[in-house]
Amino acid sequence: MTMPDRNFAASASVAQASRFAAKDAAPTSRADHDLMANAIRALAMDAVEQAKAGHPGLPMGAADIATVLFTRFLKFDPAHPAWPDRDRFVLSAGHGSMLLYALLHLLGYETMTIDEIKRFRQLGSLTPGHPEHGHTPGVETTTGPLGQGLANAVGMAIAECHMAALFGSDIVNHMTYVLASDGDLMEGISQEAIALAGHLKLKKLVVLYDDNRISIDGPTSLADSVDQVKRFEAAGWAATRIDGHDPAAIAAAIEAAKKSDRPSMIACRTTIGYGAPTKGGTEKSHGAPLGADEIAAARAKLGWSFPPFEIPPAVREMWRAAGERGKPERLAWQMRLNALYDPVCAEFERRNAGEISGRLGDPVRAIKQKLAQAPKDIATRAASELALEALTEALPEMVGGSADLTGSNNTRPKAMKVMSATDYSGRFIHYGVREHAMAAAMNGMALHGGVIPYSGTFLVFSDYCRPAIRLAALMGQRVIHVMTHDSIGLGEDGPTHQPVEHLAALRAIPNLKVFRPCDAVETVECWQLALASTRGPSVLALTRQNVPQLRRGFDEHNRCALGGYELMAAEDDAAMVSLFATGSEVAIAIAAKKLLADQRVSARVVSVPCFELLFAAPAEKRAAVIGSAKVNVAVEAGIRQGWDAIIGSDGTFVGMTGFGASAPGKDLYQHFGITVEKVAEAAMARLRKS
């Protein structure tokens, strides 16, 4: 179809949709509003009761907020849940998932049937206990661990600002709304996130705070006395308090927020379990079914006389009209997109699809050819910077950053402009010392689409990032973490900064790829693999200290793609020892091979830059990499955990068994016995026993 044809078809659809949407989608009276809100409350009560588990209190308390937001403000189209210019709604308080599921059902999302509502929290249903992105259409992000959704939303708002700066407000112009609970705001990540959002003046971000003042233990006053409005104001937000059960007040506050030049927080004073006569307003409605008697009494109090899971036709029609409200906007947007200059339209669609095929081959090949011609004995963090200079040019959607360690992480290419409140077109974000919010915001950026986020910190601080990394893995999002200073080799900063257990801890997360390249060539290849990993996050663990370039000559193939490979073969076809290593310790393994050769022991060296790829390889290829030597020895400046899958429980490991110390890196390797001599001795000792 030609562009004029596409626009003609879209124009006709807009006219048809506009006639349908002319019916008032928003409630025309308070009585209608109450009916629509009570439909949410009833579904939440019924689903939790049937499941015998769940959180009815938040959906019942926040139903008025959600009804106003979804019928009057939120821009979306249930028939196209992934429409790029839709407003984002993040239920940061994921325990209140029935609020979102009820909305999706009432608004007409095709897959959210009443049967799915009845299957709340059951195996295989689209209504899991907490919302899961990629599992349920209409769910923008996986929430449940409190504070994560709020920080994800900051990332979504960053991505919106950035894409709007690049493609214009005719194509990218949407809001990000968050429903946050008391618990969300108690979590430490919330402070990092709101401070970053305030600094960047993310004016299209609105937090609707469900201020019900109840936690599972009881009143929030048991543990908290923070004035949240003042807290947000101090972080550069516009903040206000309203009655969360007054539709007019809710609408007026959202209208004001949309006109603000700053992010906005609306503290909505609500009653948890609104409508429940004895449990409402107490912790008894927070995290357990209300019970049959309380539900019957709540139905009477709310004037809801319909049986469980039944929505009267008039109420359903009002909700479905609200669901149709965004269709004309989506079609008009499609016309504007179609009218763009073809290459611009194609680039927008490419970025939103996350498509990078054909863009990495040339820059990766060029870097490897240069390294073959002029080898570099440099730290892998410096090799990463070398790779980024070329890769960020080939992929302009890459948006980098660092948690106040830019010069140490080497994550900012020379030509990369800083993103700021006055220029969102920049591609480098100074996150400050906010590792947790940085990782969660990157999740939000990836979820939003159009950007490939990466950032840097020290590997030891992966502990601060871990909850967000885990969620990226659960959601299958391409988020890349550059984590430098990856071992005791960092030296004098001592055990507080020397990662020991961190590689093993990260490798334990399903669907996360942990890359630890041994030299400049492997670093480039690992970057290529991380960028190509579209269904999960990656960590690049990189050295502070220089390492020799072990890969000499040019090889077209990405040898790291298998996860492990024979870097140096044995002198004969019957290796007695296989030496396995990652990162900076590969050079130690190669030197140990030479020592063993002097003792007439044939050994091979296997570099294992990525356990996860090796374990995912076909069995025969994995077996060929591991080999059949009598003795397997692994060397890594970390703990043994995870290595037995490669070397076997009877294999020998040379590495760390405790924390590091403060001293020059070379001295520490000697002190902890991670040396050429110790590796050779370990192999010989094992041979003598075999």
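My aim in this report is to walk through the structure given alongside it, one point at a time. Nothing here was measured: the structure is a model prediction, and the numbers come from that model. (Residues numbered from 1 in each chain as written. Predicted model: local features only at pLDDT ≥ 70, side-chain atom pairs only at ≥ 80, totals over all residues. Heavy atoms only, no water.)

### Topic: the sheet that holds strand β9 (residues 428–430)
In step 1: Reading across the sheet, the 6 strands line up as β9-β8-β10-β11-β13-β12 and stay open at both edges, with parallel pairing between neighbours. The strands lining the two open edges of the sheet, one partner per strand, are β9 and β12 (513–515). For this sheet, the mean inter-axis angle between neighbouring strands, taken without regard to orientation, is 20°.
In step 2: As paired elements, β12 and strand β13 (residues 538–541) share 3 bridges and run parallel to each other. (Pairing = 2+ DSSP bridges. Helix = DSSP H or I, 4+ residues; strand = E, 2+ residues; numbered from the N terminus. Axes fitted to C-alpha atoms, helices over the stretch in contact; angles between N-to-C directions.)

### A short note on the state of the cysteines
In step 1: Going through the model one piece at a time under the given rule, you end up with 0 disulfides.
In step 2: Here C518 stays unpaired: no disulfide links it, and the sulfur of C560, its closest cysteine neighbor, is 7.2 Å away.
In step 3: Here C518 falls in the buried class, since its relative accessible area comes to 1%. (Disulfide = S-S within 2.5 Å. Buried < 20%, exposed > 50% of the residue type's maximum accessible area, 1.4 Å probe, protein only.)

### A look at empty space enclosed by the protein
In step 1: Across all of its chains, the model carries 2 cavities of 30 Å³ or more by this definition.
In step 2: Every residue lining the largest cavity is counted, 16 residues in all, and those nearest its centre are L74, D87, Y109, G138 and E140.
In step 3: Counting residues per element, the ones that place at least two in the lining of the largest cavity are β1 (88–91) and α4 (97–107).
In step 4: Tallied by class, residues from the lining of the largest cavity come to 9 nonpolar, 2 polar and 5 charged. (1 Å grid on protein atoms, 1.4 Å probe; cavity = no way out; pocket = protein on both sides within 12 Å on 5 of 7 lines; lining within 4 Å. Points joined across faces, edges and corners; volume = space filled by probe spheres on them. Nonpolar A, V, L, I, M, F, W, Y, C, P; charged D, E, K, R; others polar.)

### Examining the layout of surface pockets
In step 1: By volume, the largest pocket amounts to about 730 Å³.
In step 2: Along the wall of the largest pocket there are 35 residues; nearest its centre are N352, A446, L447, H448 and G449.
In step 3: Listing elements by their share of the lining of the largest pocket, those giving two or more residues are α13 (327–338), α14 (342–353) and α18 (435–448).
In step 4: The residue makeup of the lining of the largest pocket, split by class, is 14 nonpolar, 14 polar and 7 charged.
In step 5: Put simply, the second largest pocket is a space of about 380 Å³.
In step 6: Along the wall of the second largest pocket there are 16 residues; nearest its centre are Q545, S584, I588, K666 and Y669.
In step 7: Secondary structure elements with two or more residues in the lining of the second largest pocket: α22 (585–598), α26 (665–671) and α27 (676–689).
In step 8: Sorting elements by how many residues they give to the lining of the second largest pocket places α26 first, with 4 residues.
In step 9: Tallied by class, the residues present in the lining of the second largest pocket amount to 7 nonpolar, 7 polar and 2 charged.

### Here's the deal with the environment of R516
In step 1: Take R516: it is sitting in the loop between β12 and α21 (520–532).
In step 2: Taking the C-alpha atoms as reference, R516 lies 46 Å from M335; in sequence the two are 181 residues apart.
In step 3: Residue contacts for R516: discarding those within four places in its chain leaves D486, S487, L503, E522, A541, T582, G583, S584, E585, P609, E636 and A637.
In step 4: Within the structure, the side chain of R516 is placed 2.8 Å from the side chain of D486, a separation counted as a polar contact.
In step 5: Polar contacts involving the side chain of R516 include one to the side chain of S584, which spans 3.4 Å. (Contact = heavy atoms within 4.5 Å. Polar contact = N/O pair within 3.5 Å; in protein donor to acceptor, adjacent residues only side chain to side chain.)

### With respect to the nonpolar core
In step 1: With 72 residues, the main nonpolar core has I158, L202, L205, W237 and M265 as its most contacted residues.
In step 2: For this core, the element with the highest residue contribution is helix α6 (residues 148–167), accounting for 12 residues.
In step 3: Counting 66 residues, the second largest nonpolar core, distinct from the first, contains I452, F515, C518 and C526. (Core = buried A, V, L, I, M, F, W, Y, C linked by side-chain atoms within 4.5 Å.)

### A short note on α6
In step 1: Given a rise of 1.5 Å per residue, 20 residues ought to cover 28 Å, and the 28 Å separating the end C-alpha atoms of α6 matches this to within 8%.
In step 2: Taken across its 20 residues, α6 has 18 buried, putting it largely inside the fold.
In step 3: G168, located one to two residues past α6, shows a positive phi value of around 90°. (Expected span 1.5 Å × (residues − 1).)

### Structural notes on the packing of helix α2 (residues 30–51) against α4
In step 1: Viewed as axis vectors pointing N to C, α2 and α4 meet at an angle of 120°, and their least axial separation amounts to 9 Å. Our classification of the angle between α2 and α4 gives oblique. Note on packing geometry: the crossing formed by α2 with α4 is right-handed. The segment α2 lies against α4, with A39, I40, L43, A44, A47 and V48 engaging M98, L99, A102, L103, H105 and L106.
In step 2: Here the contact of α2 with α4 is composed, by residue class, of 11 nonpolar, 1 polar and no charged. (Parallel < 35°, antiparallel > 145°, perpendicular 65-115°, else oblique. Left-handed = near helix turned anticlockwise from the far one by under 90°.)

### Here's the deal with the packing of helix α8 (residues 188–200) against α18
In step 1: The geometry of α8 relative to α18 is characterised by a closest axis approach of 8 Å and an angle of 70° between their N-to-C directions. When the axes of α8 and α18 are compared, the pair comes out roughly perpendicular. Each of I189, E192 and A193 in α8 lies in contact with α18, whose residues at this interface are E435, H436, A437 and A440.
In step 2: Considered class by class, the residues forming the contact of α8 with α18 number 4 nonpolar, 1 polar and 2 charged.

### Let's talk about the pattern of salt bridges
Oppositely charged side chains can form a pair if their charged atoms are brought close together.
In step 1: Throughout the structure, instances matching the rule amount to 30 salt bridges.
In step 2: Across the pair R330 and D77 runs a salt bridge, and its minimum N-O distance is 2.6 Å. Of the two residues, R330 is situated in helix α13 and D77 in the loop between α3 (57–73) and β1; the sequence distance between them amounts to 253 residues. A single burial state applies to R330 and to D77, both of which are buried.
In step 3: E556 is the partner of R365 in a salt bridge, and the nearest nitrogen-oxygen pair spans 3.1 Å. Residue R365 is located in helix α15 (residues 361–373), and its partner E556 is located in the loop between β13 and β14 (565–568); the two are separated by 191 residues in the primary sequence.
In step 4: The exposure class of R365 is partly exposed, given its relative accessible area of 27%.
In step 5: Here the salt bridges do not stand alone but share partners, grouping E347, R350, R351, R359 and E397 into one network. (Salt bridge = Lys/Arg side-chain N within 4 Å of Asp/Glu carboxyl O.)

### What to know about the side chain of T411
In step 1: One can find T411 in the loop between α17 (406–409) and β9.
In step 2: Look at T411 and you get buried, because its relative accessible area is 0%.
In step 3: Not counting the four nearest positions on each side in its chain, T411 is found in contact with L388, G401, S402, T406, F428, Y454, S455, G456 and V482.

### Some words on the sheet that holds β14
In step 1: Reading across from one edge, β14-β16-β15-β17-β18 is the order of the 5 strands in this open sheet, with mixed pairing throughout. Each of the sheet's edge strands pairs with one partner strand only, and the pair in question is β14 and β18 (652–654). Adjacent strand axes in the sheet meet at a mean angle of 30° when their direction is disregarded.
In step 2: With 3 bridges connecting them, strand β17 (residues 631–635) and β18 associate as parallel partners. Paired with V635 across the two strands is V654, which belongs to β18.
In step 3: α27 contacts β15 (577–581), β17 and β18 of the sheet and is inclined by roughly 155° relative to β17.

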